[in-house]
Amino acid sequence: MADLVTNKGKYECFTGDANLDAADLRYGLIKTAAPTADTNFRSDVTELTVAGYALQTLAGETVTEDDTNDFAYLDATDPVFTGLAAGETIIFGFLYRHVTVAADSPVYACHDVTDTATNGGNVTIQFATPANGGVLKGA
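Residues numbered from 1 in each chain as written. Predicted model: local features only at pLDDT ≥ 70, side-chain atom pairs only at ≥ 80, totals over all residues. Heavy atoms only, no water.

1. Re the environment of Ala2
Stage number 1. You can see Ala2 is positioned in the segment before β1 (4-5).
Stage number 2. Using a relative accessible area of 53% as the deciding quantity, one classes Ala2 as exposed.
Stage number 3. Between the C-alpha atom of Ala2 and that of Val113, which follows or precedes it by 111 residues, the distance is 9.0 Å.
Stage number 4. Once residues lying within four places of it in the same chain are set aside, the contact partners of Ala2 are Phe92 and Asp112. (Helix = DSSP H or I, 4+ residues; strand = E, 2+ residues; numbered from the N terminus. Buried < 20%, exposed > 50% of the residue type's maximum accessible area, 1.4 Å probe, protein only. Contact = heavy atoms within 4.5 Å.)

So, in structure tokens, the structure goes:
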């Protein structure tokens, strides 16, 4: 499966609720059940539960208009998940806007990652280069 922008993410971009410049954007990891475009909220995904897992607040966010390549994108520093205990496999990462609880926090995008077994080490999610759309691309 490829990366995807959720319908909720598209909706919030159109309504202005997304406000990617000012939102509390965070990143998490999914262990089972590949997401679909209908994945609306953080409570709709099955996150990792191993010791050491913590959602990562994005840092270094920039929203850029690329007139040369005819798209806009959100880029950020690649998140690092440290000390993930052994026992689960990461299959996707997801970008969401943190509200207060998982059921209210909209998922904007999901990234297909190489299946990675947790083993007590660190996992870095490498976002696409800005030329390829960064964390979130609007074409």
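2. Some words on the side chain of His111
Stage number 1. Mapped onto the elements, His111 comes out in strand β9 (residues 107-117).
Stage number 2. A distance of 2.7 Å separates the side chain of His111 from the side chain of Tyr27, its partner in a polar contact. (Polar contact = N/O pair within 3.5 Å; in protein donor to acceptor, adjacent residues only side chain to side chain.)

3. Observations concerning the environment of Thr36
Stage number 1. Position of Thr36 relative to the elements: it lies in the loop between β2 (25-32) and β3 (46-47).
Stage number 2. A C-alpha to C-alpha distance of 17 Å links Thr36 and Lys137, two positions 101 residues apart in sequence.

Functional significance is not addressed by these values, which are geometric in nature.
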